[in-house]
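Chain and residue survey
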Amino acid sequence: MSLKNVRFDDTCRICGVKNTEVVFRLEPTPPGDMFLPKSLLDLSSACYPLDLALCNSCGYVYLPHVLDPDSSYSNYIYETKITTGLVEHYNAYAKEVEQYFQSERIGLIVDLGSNDGTMLKAFKRLGHNVLGVEPNENLSQASNNDNLHTINDYFSKKVAKKILEVHGKASVVTANYMFANVDDLINFTKLVETLLDDNGIFVIQTGYHPDQMQIKMFDYIYHEHFSYFTLNVLNKLLKICGLRILDVKKHNSKGGSVRVVAAKHNSNRPSSTILHVIMDGEKRTGMDKRETYLQFSRIVTDQKCRVLDTIKSIKAKGQSIVGFGASHSTTTLLHHFQLGAYLDYLVDDNPSKQGLYSPGYHLPVYSPRCMYKENPDYLLLLAWQHKETIVDRHRKILETGTKFILPLPELEIVSS
């Protein structure tokens, strides 16, 4: 294990208090999305600590071991459009954002961490002026080639100044499934505040672990996600940075997500009462208490034992198992449940992953055509959150006798 690219934080990044402790220790993993060709496998061999810590002062949940972003994003190949249902979700999302302005004119819309431009496209279809900020060179270039103006950089003081000089203030700033990937949350959010016009809104959509934990979804924890937010913590963070929450909406996306709409603290926009209802619920369920996370760790460990015992029993009979799914979360699942040694290979519907090798275990990733050709005895559904979509799409393989193993939220064998 190499720690040369890792920084350790034992001080809370939000309240600044040194009152933190590790509450869930996962197996070390490589960067989750580092699926690489055979010639570059050495780059994905190193595993790094993957622990979850809690600030006992403010309730912030985070990764204390911070992996250098360049280690993750230099080979980053995830594209928003490949996630089942996310394109449609963003189209509806863009229309909902419009409703906050009613008859008011909407000026510049900036999407931070714009990835492949899916969010930008949704706003552009509605006739709005859009700008993306994306650190990955390939993704930003693809967006620019698609006539979606995108700055290839991390959002920083320099980038914010450039946007203000060239485009002026923004009516809308969005951060979709990237706010958890921000290292310096305070400075980042303060820069967003300076970028917004007086009546502008900042929209954050991020994973919501109070809901994810209900379905044992621990595999949303990976190195690119530095932070895991409750609304209580987001509320504190935004207040520190001169913003206040107007509205909150929960979604089922990615196993449980929350969309927070915020404005400048002196904005005359009204606030919804739903925020305090959800925040009170978080306190009642102990989302700021260490025992909540220690108990979650024990639940996941019990599930690991059940799944691993089943997999070992199948292999002891000489039967074959292929993993279905190749993503950040499947890397966490494979390593924490220590399943990689029992799989013959992986398959994934995403062509950009096919022909590559998984991080750490270096399992080859093939097209699902391979599993139809070889008819393995079992398919371990690593992308278990998309069970219905995957099983429906590949129902024909059940007719050949192949069975699906669902590892979460409960162990289940699916046959024809």
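Above this text you will find the structure in question.
First things first, this report covers the structure right here in the doc. (Residues numbered from 1 in each chain as written. Predicted model: local features only at pLDDT ≥ 70, side-chain atom pairs only at ≥ 80, totals over all residues. Heavy atoms only, no water.)

**Considering the overall build of the protein**
How we decide: Each helix is a run of H or I in the DSSP string that is no shorter than four residues. Each strand is a run of E no shorter than two, and both are numbered from the N terminus. Only protein chains enter the accessibility calculation, which uses a 1.4 Å probe. A residue is then buried if its area is under 20% of the maximum for its type, exposed if over 50%, and partly exposed in between. Only heavy atoms enter the contact rule, under which two residues are in contact if any of them lie within 4.5 Å. The accessible surface values rely on the Shrake-Rupley method and a 1.4 Å probe; as for residues, cover is taken only from the protein chains in view. A positive count includes Lys and Arg, and a negative count includes Asp and Glu. His and the chain ends are not counted in either. Throughout, a charge is located at the NZ atom of Lys, the CZ atom of Arg, the CG atom of Asp or the CD atom of Glu.
Helix and strand counts for the protein come out as 14 helices and 19 strands. Taking the principal axes of its C-alpha atoms as reference, the protein extends roughly 65 × 45 × 40 Å. A burial count over the protein gives 56% of its 416 residues as buried. Nonlocal contacts in the protein, meaning residues at least 24 apart in sequence, comprise 69% of its contacts between residues at least 6 apart. Here the protein displays about 17,400 Å² of accessible surface, and carbon together with sulfur accounts for 49% of that area. Positive and negative side-chain charges of the protein, numbering 46 and 46 respectively, have mean locations separated by a distance of 2 Å.

**Quick word on helix H6 (residues 185-195)**
Counted residue by residue, H6 has eight buried out of eleven residues, so it is predominantly covered. Among the residues of H6, Leu185, Ile186, Phe188, Thr189, Leu191, Val192, Glu193 and Leu195 are the ones counted as buried.

**Observations regarding the pattern of salt bridges**
To be explicit about the condition: Basic side-chain nitrogens of Lys or Arg form a salt bridge, by our definition, when they fall within 4 Å of a carboxyl oxygen of Asp or Glu.
Applying the stated rule across the entire model yields 22 salt bridges. For the salt bridge of Glu27 with Lys304, the shortest nitrogen-to-oxygen distance reads 3.8 Å. In this pair, Glu27 is assigned in strand E2 (residues 20-29) and Lys304 in helix H10 (residues 290-316), connecting sequence segments 277 residues apart. Its relative accessible area of 28% is what places Glu27 among the partly exposed residues. Linked through salt bridges whose partners overlap, the residues forming this network are Arg7, Asp9, Arg13 and Asp183.

**As for the environment of Leu139**
Within the secondary structure layout, Leu139 lies in helix H4 (residues 137-145). Residue class for Leu139 comes out buried when judged on its relative accessible area of 6%. Along the sequence, Leu139 and Asp116 sit 23 residues apart, while their C-alpha atoms lie 5.3 Å from each other.

**Observations regarding the state of the cysteines**
As a reminder of what qualifies: The disulfide definition used here is simple: a pair of cysteine sulfur atoms within 2.5 Å.
Across all of its chains, the model carries zero disulfides by this definition. Note on Cys241: no disulfide assigned, nearest cysteine sulfur contributed by Cys12 at a separation of 12 Å.

**What to know about the nonpolar core**
Where we set the bar: Buried residues of nine kinds, namely Ala, Val, Leu, Ile, Met, Phe, Trp, Tyr and Cys, make up a nonpolar core once their side-chain atoms join them within 4.5 Å.
Among the nonpolar cores identified, the biggest contains 78 residues, and Phe218 and Phe404 are the most heavily contacted of them. Considering every element that reaches this core, the biggest residue donor is H10, with seven residues. Contact partners of Phe218, with chain neighbours within four places excluded, come to Phe24, Leu26, Phe296, Val300, Thr332, Leu333, His336, Phe337 and Leu408. Judged by nonpolar contacts, the second largest core, of 50 residues, contains Ala180, Val192, Leu238 and Ile245.

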